[in-house]
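Each chain, written out:
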Amino acid sequence: MYELFFWKYIDEVYLNHQEVYEALIENQAVEGLEDLPVEVILNRIAKVFSQWERVDEFSFKNTNGAGAFHIITTPQSVQINCYGTKGGDMEKLCQIMEEYKCPLYDPQVPQRYDEMAE
């Protein structure tokens, strides 16, 4: 499994990314983050991945190739767990989240990919 994680800071707020990630994983609200339009984001992902089998409301499976992913949301975050998903498909997921000003936090590295990256 490869995990992709997304959230959006309130303007001019930058926190310790790892601490934000750990709080969000525990389903805790984090002061300094914006609430996300979760339903809109889920609908956008479903539209972009409409050729994939919709296993349930939060899970998609590529029936014409490799990969599957499962989405977990909180009001402030979107977590996408990828299973054998090709890099190009993960890049599409990241691009969708960029549309909502939510850069990727890659907990495997760990690194957040935004314009404020140090």
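Structure's up top.
Residues numbered from 1 in each chain as written. Predicted model: local features only at pLDDT ≥ 70, side-chain atom pairs only at ≥ 80, totals over all residues. Heavy atoms only, no water.

**Overview of the pairing of strand β4 (residues 68–74)**
Inspection of the sheet shows strand β3 (residues 59–61) paired to β4 by 3 bridges, in the antiparallel sense. Of the residues in β4, the one forming a bridge with K61 is A68. In this antiparallel pair of consecutive strands, β3 and β4, the connection spans 6 residues, and G67 shows a positive phi of 115 degrees. What sits between the antiparallel neighbours β4 and strand β5 (residues 77–83) is a turn of 2 residues. (Pairing = 2+ DSSP bridges. Helix = DSSP H or I, 4+ residues; strand = E, 2+ residues; numbered from the N terminus.)

**Here's the deal with the state of the cysteines**
Summed over the entire model, instances satisfying the criterion amount to 0 disulfides. Of the cysteine sulfurs around C82, a residue in no disulfide, the closest is that of C94, at 8.0 Å. Its relative accessible area of 2% is what places C82 among the buried residues. Of the cysteine sulfurs around C102, a residue in no disulfide, the closest is that of C94, at 11 Å. (Disulfide = S-S within 2.5 Å. Buried < 20%, exposed > 50% of the residue type's maximum accessible area, 1.4 Å probe, protein only.)

**Some remarks on the nonpolar core**
Judged by nonpolar contacts, the single largest core of 24 residues is most densely connected at L4, I45, F69 and I80. Elements represented by at least two residues in this core include exactly β1 (2–7), α2 (38–48), β4, β5 and α3 (87–99). Once you skip the residues sitting within four places of it in the chain, L4 turns out to touch V78, Q79, I80, C82, M90, L93, C94, L104 and Y105. Among the nonpolar cores identified, the runner-up in size contains 10 residues, and F5, W7, L24 and L33 belong to it. (Core = buried A, V, L, I, M, F, W, Y, C linked by side-chain atoms within 4.5 Å. Contact = heavy atoms within 4.5 Å.)

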